[in-house]
Structures are given as C-alpha cells and as structure tokens.
Amino acid sequence: MRSIKIFALAAGFITAITVSAAFIIPRDTAPAKNKIMVAGKGFAVIELFTSEGCSSCPPADELVARMQKEDKDKPVYILAFHVDYWNRLGWKDVFSSAEYSKRQNQYANWLNLQSVYTPQIVVNGKKEFVGSEEGTLRNAITTALRGNPATTLTLNTQKGQDHIVVQYRVSNAEKNSDLLLALVQKAAQTKVQRGENGGRTLSHVQIVHKIQSQPLNTGGNGNTTITLPQGINTQDWEVIGLVQNKTNGEILAAAKANLTTTASTGK
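Residues numbered from 1 in each chain as written. Predicted model: local features only at pLDDT ≥ 70, side-chain atom pairs only at ≥ 80, totals over all residues. Heavy atoms only, no water.

Draft legend 1. The arrangement of the packing of aromatic side chains in detail. As enumerated under the stated definition, the model contains four aromatic pairs in all. Taking the centre distance of 6.2 Å and the plane angle of 70° together, the rings of Phe49 and Tyr107 count as edge-to-face. A residue pair is termed long-range when its members are at least 10 positions apart, and Phe49 in strand S4 (residues 44–50) and Tyr107 in helix H2 (residues 98–110) qualify at 58 residues. Both residues of the pair, Phe49 and Tyr107, count as buried. Relative to Trp110, the ring of Tyr107 has its centre 5.3 Å away and its plane inclined at 70°; by these criteria the two rings are edge-to-face. Here the residue Tyr107 and the residue Trp110 both occupy positions in helix H2, the gap between them amounting to three residues, near one helical turn. A single burial state applies to Tyr107 and to Trp110, both of which are buried. Site record: aromatic cluster; members linked through ring pairs are Phe49, Phe81, Tyr100, Tyr107 and Trp110. (Phe/Tyr/Trp six-rings, centres within 6.5 Å; stacked < 30°, edge-to-face > 60°. Helix = DSSP H or I, 4+ residues; strand = E, 2+ residues; numbered from the N terminus. Buried < 20%, exposed > 50% of the residue type's maximum accessible area, 1.4 Å probe, protein only.)

Draft legend 2. Examining the nonpolar core more closely. Membership of the largest hydrophobic core comes to 28 residues, with the highest contact counts inside it found for Val45, Leu79, Phe81, Tyr107, Val208, Ile211 and Leu242. Taken together, the elements giving at least two residues each to this core come down to S4, strand S5 (76–82), H2, strand S11 (177–191), strand S12 (201–215), strand S14 (237–245) and strand S15 (251–258). With four residues, the top contributor of residues to this core is H2. Within the second largest apolar cluster, 20 residues are counted, among which are Ile226, Val239, Val243 and Leu259. (Core = buried A, V, L, I, M, F, W, Y, C linked by side-chain atoms within 4.5 Å.)

Listed below in structure tokens is the structure:
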C-alpha cells in the first residue's frame, strides 16, 4: 500500500510520498436521571485512529468491532476517530475531522513519537501500536483491566429536544486534568466510491462525531450541554467521558451513559 509522510514546518505540512504499510504524518429543566456506569478498578479506553481512505484500516475497524462484542459487559470504552488527512487522496471520509487528526498528533507529542499513522490504537493514553494487531490489543486490554486507578467518574444524562445535559462527578482527579466528553454513534456503514477502498462497503463502530473538553473545578462536579445532530435515533448513540492528564495524556478514568432518557418539564 502507498504511504505518505508529511513533515512539519512552522507554517504547516509539506507532503512527500513514500512506500510503506501505513499513512504517516509527523507530530507537529428537572433532570431525569439516566443509566449510570462508573469506571474504576481497572478500565480500558481504546482510541482507534482510522480512515475510510486507508486500505490498511478496515482490519482494524473489524478488530475493534469484535472487541466491542466480546467485552460488552466489561469497562472497555472504544472511540473511533476518523482523521482527515486521507481526504485529499480521492475519498472524503464523512466521519472525518481535522480535530481528530490534531488529537492524534497530540498523542505523538505525549508518547514521544516521530510520526503517527493509520490505523493506530492508543490504550488509556499510554500505549500505542498498529490498530490491526489483535494480540497486542488483547494484552493491552487485559493489563488495563487489572489496574487499580484512584480516580473515578460518574455520568448522568438529561435529554432535551435537540441537546443533552451531561452531569458529571469526578473524584480524586489529578491536577492538570480535564474531562473530555465524546458523542458516539454506535454503528454505521458507508459505501466507498473512490480511493483505496473504492467499491467496498465499510462497517464502523463507536464513531466519534464530537468531542469537547471541560475543565474540572476543585470539587470535580458540574454539568455541560452537548448539541445533538438532527434526526438521530438516540438509542444508537451514547456519551463516553474521559478524565485525561493534560501533561502526559494518561487517561485516569472513563465512563459512559446512553441518551434515551427525556428530561421532564414543569415543576
């Protein structure tokens, strides 16, 4: 498969094409309570950086889909970030965002990497590897679930007409940590017309559509609003929250909540 390295300059990126196995880019109202899931005592956050324009990515998408089924009753949280730097090569990934490419480059800084690539997986903000390496992923999940984190996170959601209010509670958060809230579509399919995957129908899970950062106050409690896309079936979406150290990228806690509860109005 073709690969492209883009070396960072002060004004942006300069593109150079090489041959390798992956795409490489240098770092450069009255609330109605929802189901609560509290993370702690071992959890695994799996962040997959992927693209519909990358022919090496479908095996990684399929792998995290298997993990989602196998680990559905465990504190395993999957986030698929579709990067945008493949879009200029013939197919624009409808789920892609420059914000997700920026997050991947931030991990390159945190993890002291000279480059990033697709597919790439980062587990708990601390370990990264090629996203299709099943054995490595399984071992990373097992190790993460054996952990004993001090920080915990609780989420509640309250659904309005076109938004949700997320109520959060964080205990024992480290200094220099933020709460990140991701709006996630649980599954989708795309028929790719052009590019390296042209003619294929690709299946995706845990697609991030929006991620926003919330500074944590001294008490660790608060609420924030997330605007919802129009016409979505909220049963097919969820919110995943992460408490992340801003200095080194380590994820200290995680939790999720669904969107199906509707806020009551009146008294």
